[in-house]
Structures are given as C-alpha cells and as structure tokens.
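Commentary on secondary and tertiary structure
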Amino acid sequence: MEASETGAALIWSPFGSVEEARPVAETLVQEKLVACANILPEVMSVFSYEGQVQSAAEVGVLFKTHSRLLAEATARLSQLHPYETPAICGWHVDSAPQETRDWLAGLLPGERQ
C-alpha cells in the first residue's frame, strides 16, 4: 500500500506559544481540515533566519488529517499562521490502523458523521 493510500497524513508546525497555536488548531478542526491537533510543550528551536543563526522557545503542533486534505490543510495553515515565514511540513503516513484511517475519512465530504 502506498503511503498516500493509507488515508492518513500529518502536518508539523512550530508556533510561538500555546496562545498562538490553539486558535489556529481550533479553526482547522472546525473547518474539518484536520481531525486533531496535538500542541506539544515547549521545544527549543535553532534556525537560520534573515542570514543569522537564531534560537527561540516554541511549541510544536502535530496535526492529523486525511491524505486527500493534506495540500488544502497546509495551505490554510499557512494563511492562519502568525509567523511571517512559518515552517509547515506535511507528509503522508506509511502505516496506520484501520480505526485511524476510518476516523480520518470522516473529514471527507460524503464521509462525515
């Protein structure tokens, strides 16, 4: 089975704080572009920005979506994200149990519960 055929996809993106991440996560869940967002505690990010190596405390968010919604969800996340240049990475999941795939299929029009 190809990764895109599992029906599962993930999106990773850091935010400056829980207060910034939560409304974006809630919007994506309400819009049925993601089924869930896990807002992880503080992570230390080291990155290159504007030609300088910088670091900052951030929170990471892992979004769960259906593979058919991956492009739309990442595009919408980019619109909502408070950063000028947000780091947003999405990928298809290689393996997921049937229960997870069924849950994510509920995001699709005609499949919604």
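For the structure itself, look to the data block above.
One structure accompanies this document, and this report is about it. Along each chain, residues carry numbers from 1 onward, in the same order as the chain's sequence is written. Whole-chain, interface and lining totals are the exception, using all residues; otherwise, since this is a predicted model, local features are given only for residues with pLDDT of at least 70 and side-chain atom pairs are given and counted only at 80 or more. Derived side-chain values reflect all non-hydrogen atoms in the structure, with water molecules and hydrogen atoms excluded from consideration.

1. Topic: the packing of helix 1 (residues 18-30) against helix 2 (residues 70-80)
- Packing of helix 1 against helix 2 leaves a shortest axis separation of 10 Å and a crossing angle of 145°. For the element pair helix 1 and helix 2, the recorded crossing hand is right-handed. Between helix 1, through Val24, Thr27 and Leu28, and helix 2, the contact on the second element is made entirely by Ala73, Arg76, Leu77 and Leu80.
- The residue classification treats Ala, Val, Leu, Ile, Met, Phe, Trp, Tyr, Cys and Pro as nonpolar and Asp, Glu, Lys and Arg as charged. All others, Gly included, are polar. Counted by class, the contact of helix 1 with helix 2 contains 5 nonpolar, 1 polar and 1 charged residues. For helices, the fitted line uses only the C-alpha atoms of the stretch in contact; every axis is such a line through C-alpha atoms, and the angle between N-to-C directions lies from 0 to 180 degrees. By definition, any uninterrupted DSSP run of H or I lasting at least four residues is a helix, any uninterrupted run of E lasting at least two residues is a strand, and each is numbered from the N terminus. A crossing counts as left-handed when the near helix is turned anticlockwise from the far one by less than a right angle, and as right-handed when that turn is clockwise. We call two residues in contact when some of their heavy atoms are within 4.5 Å.

2. Digging into helix 1
- To estimate how far a helix should extend, the number of its residues minus one is multiplied by 1.5 Å. Between its first and last C-alpha, helix 1 extends 18 Å over 13 residues, near the 18 Å set by a 1.5 Å rise per residue.
- The buried label goes to any residue with under 20% of its type's maximum accessible area, the exposed label to any with over 50%, and the partly exposed label to all in between, with areas taken from a 1.4 Å probe on protein chains only. Looking only at helix 1, the buried set comprises Ala21, Val24, Ala25 and Leu28. Looking straight down helix 1, one finds that the buried residues subtend no more than 105° of arc, so they occupy a single side. Exposed residues pointing more than 90 degrees away from the buried face of helix 1 are listed as Glu19, Arg22 and Gln30.
- Elements that come into contact with the buried residues of helix 1 comprise strand 1 (8-15), strand 2 (36-49), strand 3 (52-66) and helix 2.
- Backbone geometry just downstream of helix 1 places Lys32 in the positive-phi region, at approximately 60°. Regarding the arc, it is the one traced by the directions from the helix axis to the C-beta atoms.

3. A closer look at the pattern of salt bridges
- A side-chain nitrogen of Lys or Arg and a carboxyl oxygen of Asp or Glu constitute a salt bridge if their distance falls within 4 Å. A full pass over the atoms with the stated rule returns 2 salt bridges.
- Of the charged contacts in the structure, one is a salt bridge between Glu26 and Arg22, with a shortest N-O distance of 2.9 Å. Here the residue Glu26 and the residue Arg22 both occupy positions in helix 1, the gap between them amounting to 4 residues, near one helical turn.
- Accessibility expressed as a relative area gives 38% for Glu26, which makes it partly exposed.
- Two residues, Glu31 and Arg76, come together in a salt bridge whose shortest N-O distance is 2.9 Å. Of this pair, Glu31 sits in the loop between helix 1 and strand 2 while Arg76 sits in helix 2, placing them 45 residues apart in sequence.
- Its relative accessible area of 23% is what places Arg76 among the partly exposed residues.

4. Observations concerning the nonpolar core
- In these notes, a set of buried Ala, Val, Leu, Ile, Met, Phe, Trp, Tyr and Cys residues joined through side-chain atoms within 4.5 Å is what counts as a nonpolar core. Ile11, Phe15, Leu28, Phe63 and Leu77 are the most contacted members of the largest nonpolar core, which totals 15 residues.
- Of all elements in the fold, only strand 1, helix 1, strand 3 and helix 2 reach the threshold of two or more residues within this core.
- The dominant element in this core, judged by the number of residues it contributes, is helix 1, at 4 residues.
- Beyond its immediate stretch of four places on either side in the chain, Leu28 contacts Leu33, Val34, Phe63, Ala73, Arg76, Leu77 and Leu80.
- Counting 8 residues, the second-largest nonpolar core is a separate cluster that includes Ala8, Val93, Leu104 and Leu108.

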